[in-house]
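# Descriptive analysis of the structure
In case you want the letters, here they are:
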Amino acid sequence: MANSGVTNSQRSSLHGNWSSKLAFILAVTGAAVGLGNIWKFPYMVGMNGGGAFVVIYLVCVFVIGLPIMMSEIMLGRRGRRNPIATMRILGKEEVGHEKWVLAGIIGVFAGFLILSFYSVIAGWTLAYVFKAAANAFANTDATGISNMFDAFVGNPFVIGFWHTVFMTVTVFVVALGVEQGLEKAVQIMVPALLLLLLLLLGYAINSGGFMDGLRFLFQPDFSKLNGEIVLSAMGHAFFTLSVGMGSVMAYGAYLPQDASIVRISAAVVVADTLIALLAGLVIFPIVFANQLDPAEGPGLVFQILPLAFGQLAGGGLFGTLFFLLLSFAALTSAISLMEPTVAWVIESFRLSRKTAAIVVGFIIWLLGILTVLSFSTLKDMKLFKGTPFDNFDYLASNILLPLGGLMVAVFAGWIMCSDSSSDELDPAEGYIYRAWRLLTRFVAPAAVLIVFLHAIGVFE
Ligand code: TRP
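Reading guide: rules and limits
Residues numbered from 1 in each chain as written. Predicted model: local features only at pLDDT ≥ 70, side-chain atom pairs only at ≥ 80, totals over all residues. Heavy atoms only, no water. Helix = DSSP H or I, 4+ residues; strand = E, 2+ residues; numbered from the N terminus. Buried < 20%, exposed > 50% of the residue type's maximum accessible area, 1.4 Å probe, protein only. Contact = heavy atoms within 4.5 Å. Salt bridge = Lys/Arg side-chain N within 4 Å of Asp/Glu carboxyl O. Bend = angle between axes of the 7 residues up to and from the residue. Phe/Tyr/Trp six-rings, centres within 6.5 Å; stacked < 30°, edge-to-face > 60°. Near = heavy atom within 4 Å. Polar contact = N/O pair within 3.5 Å; in protein donor to acceptor, adjacent residues only side chain to side chain. Areas by Shrake-Rupley, 256 points an atom, 1.4 Å probe, with all protein chains shown as cover. 1 Å grid on protein atoms, 1.4 Å probe; cavity = no way out; pocket = protein on both sides within 12 Å on 5 of 7 lines; lining within 4 Å. Sits in = over half its atoms within 2 Å of the grid points. Points joined across faces, edges and corners; volume = space filled by probe spheres on them. Axes fitted to C-alpha atoms, helices over the stretch in contact; angles between N-to-C directions. Parallel < 35°, antiparallel > 145°, perpendicular 65-115°, else oblique. Left-handed = near helix turned anticlockwise from the far one by under 90°. pLDDT = per-residue confidence, 0-100. Core = buried A, V, L, I, M, F, W, Y, C linked by side-chain atoms within 4.5 Å.

### Notes on the overall build of the chain
Regarding its fold elements, the chain presents 18 helices and zero strands. Along the longest, intermediate and shortest principal axes, the C-alpha atoms of the chain span 65 × 50 × 45 Å. Among the 460 residues that make up the chain, the fraction classed as buried is 58%. Within the chain, contacts between residues at least 6 apart in sequence are counted, and of these 82% link residues at least 24 apart.

As structure tokens, then:
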């Protein structure tokens, strides 16, 4: 991934094109598929009333998320630096000043915030690997499993421990720069995760709640929507695709010039969406079959899937495997959350990769303690959006990511000259380029702005 610093329009990759194209696809898929799909999507759908949220989320994914992902990769490939440096370089190149660096700064800050709580939830996943392996879900009913979860997250030392373990592993991988091997694992991990979800789907279909689950997920009741819910659906579209903070921009820096940004983005977006919908199709039938509450919140997945594993033949093994795969998926996402900050710290403060990773990791870990406490000591806090976890998630997902995405879209659609962008995005497929340009210039920025204004009540 070394790169000589020339502007790159005619540069070809030094690594052999096919293999680095594949590595890139795996890296972006690894960043996109994670807790967002399996933990966050179902509980957000549950808390926000079901189908209508899903419809808005899907519209945002394809109308806002997809074009912005293409833009981000494109900017990354042109800048070939960490996101902050890339925005500085491209701003200078296209308009002669550096103010666009703000988009990069917002991104680094968002990644920082997200990883602080992401690591805590990934820690829960790690702990559940061991619970499943110890057969803790067998012969336990919904109440038992829910009590187990409450006792678990209510103990800040226990979940603090698992947060520490996860953060240490993440720092280790980023410090050694050994992402490559891990990204290869995505090739096995994502299909295996899909397979296990299909197995669980079989269980969900026979659970007795399948029709209720389907209806909840796909029968929209738009009267349930309000500005805040629409904003959450949009924020989640950014979160699940990993766009709006420079993750895919950082990866785009290593993309060979002849790789089709359009095709790669479309494939990643479709795969990410399928996994999320599949997770929903598994979770909600089990919720309704057991008369549980879909609006349970962040604990939803950790209380529903163990029920299925407790009753499935071989559930101990499948459960262990499932939470293990999910932990790996979380790790590849966590790496992508940390990489932009670490790359920026290395370049700005002239630290070694190892030192940078440890320093950044330690600060994120420290911030994560506030999320650890959000499920016990600070559980009843009602500051602004609630607990520190609620506030970090809200600020990052609903404000910083859409804001970062908006800036990327405006830059790619309005500031960058069309010669540069058509140069990057397959000129052979002219109508796709025109569609991208329309979405990026008008639709995505307008949508983000309208949702923002709506959420703060301007239209009431
Ligand atoms: N998309 C990942 C998930 O769904 C999380 C993630 C990784 C992310 N990189 C990101 C979210 C960058 C926002 C921005 O689990």
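From this point, the discussion proceeds with the structure in view.
### Considering the pattern of salt bridges
Summed over the entire model, instances satisfying the criterion amount to eight salt bridges. Taking the shortest distance from any N to any O, the salt bridge between Glu98 and Lys92 comes out at 3.2 Å. A residue is classified by how much of its surface remains accessible, and Glu98, at 34% relative accessible area, is partly exposed. Looking at Lys92, the relative accessible area reads 48%, which means it is partly exposed.

### A few points about helix α16 (residues 388-415)
Leu400 marks the point of greatest bend in α16, at about 30 degrees, and the proline Pro402 comes within the next four residues. Burial analysis of α16 places 21 of its 28 residues in the buried class, which makes it a mostly covered element.

### Things to note about the packing of aromatic side chains
Applying the stated rule across the entire model yields 30 aromatic pairs. Ring centres of Tyr118 and Phe239 lie 6.2 Å apart, and the angle between their planes is 40 degrees; this geometry places the pair in the tilted category. Pair noted here: Tyr118 is in helix α5 (residues 101-133) and Phe239 is in helix α10 (residues 227-241), with a separation of 121 residues, a long-range link. Relative accessible area serves as the criterion here: at 9%, Phe239 is assigned to the buried category.

### Remarks on unusual backbone geometry
Of note, the phi angle at Asn139 is positive, near 55 degrees, even though the residue is not glycine. Along the chain, Asn139 turns up in the loop between α5 and α6 (142-153). Backbone geometry places Arg350, a non-glycine residue, at a positive phi of 50 degrees. As for its position among the elements, Arg350 is in the loop between α14 (315-349) and α15 (353-373). Look at Arg350 and you get exposed, because its relative accessible area is 76%.

### Things to note about the site of the ligand
Taken together, 17 residues lie around the ligand, and Gly36, Tyr118, Phe239, Ser242 and Ser336 are the ones closest in. In this structure, Phe239 approaches the ligand through a main-chain N or O atom, which is 2.8 Å from a nitrogen atom. Here Ser336 contributes a side-chain N or O atom positioned 2.9 Å from a nitrogen atom of the ligand. Look at the ligand: alone it shows 370 Å² of surface, and the protein chains cover 100% of it. Using a 2 Å cut-off from the grid points, one finds that the ligand occupies the largest cavity. Elements that contribute at least two residues to the shell around the ligand include exactly α1 (17-32), α2 (35-47), α5, α10 and α14.

### A closer look at the side chain of Asn48
Its place among the elements puts Asn48 in the loop between α2 and α3 (51-79). A polar contact is formed between the side chain of Asn48 and the backbone oxygen of Met44, at a distance of 2.9 Å. Those residues in contact with Asn48 that lie beyond four places of it in its chain are Phe53, Ile229 and Ser232.

### Side note on empty space enclosed by the protein
For the structure on display, the rule yields four cavities of 30 Å³ or more. Roughly 130 Å³ of volume is contained in the largest cavity. Lining the largest cavity are 18 residues, and of these Ala31, Tyr118, Phe239, Ser242 and Leu337 lie nearest its centre. Elements with a minimum of two residues in the lining of the largest cavity: α1, α2, α5, α10 and α14.

### A closer look at the packing of helix α9 (residues 210-218) against helix α12 (residues 261-289)
Where α9 meets α12, the axes come as close as 7 Å, and the angle between the chain directions of the two elements is 130 degrees. As summarised for this structure, α9 and α12 are arranged oblique, according to the angle between their axes. Relative to α12, the crossing made by α9 is right-handed. Residues Phe210, Asp212, Gly213, Leu214, Phe216, Leu217 and Phe218 of α9 form the contact with α12, whose participating residues are Leu277, Gly280, Leu281, Phe284, Pro285 and Phe288.

### Some remarks on the packing of α14 against α15
A packed helix pair is summarised by two numbers, namely the angle formed by the two axes and the spacing between the axes. Taken N-terminus to C-terminus, the directions of α14 and α15 make an angle of 125 degrees; their axes are 9 Å apart at the nearest point. Regarding the angle of α14 to α15, the classification is oblique. Considering how the two elements wind past one another, α14 and α15 form a crossing that is right-handed. Together, Met338, Glu339, Thr341, Val342, Val345 and Ile346 of α14 and Arg353, Ala356, Ala357, Val360 and Gly361 of α15 make up the contact between the two elements.

### Remarks on the confidence of the model for the chain
Averaged over the chain, the pLDDT score is 91; the fraction of residues at 70 or greater is 95%. Mean pLDDT in the chain bottoms out at α1, which sits at 82, and peaks at α2, which reaches 98. Scored below 50 in pLDDT, residues 1-17 shows 27 contacts in the model against residues more than four places distant or in partner chains.

### A short note on the nonpolar core
Of all hydrophobic cores here, the largest spans 157 residues; its most connected members are Ile38, Leu75, Trp124, Phe322, Phe323 and Met338. Broken down by element, this core gets its largest block of residues, 18 residues, from α5.

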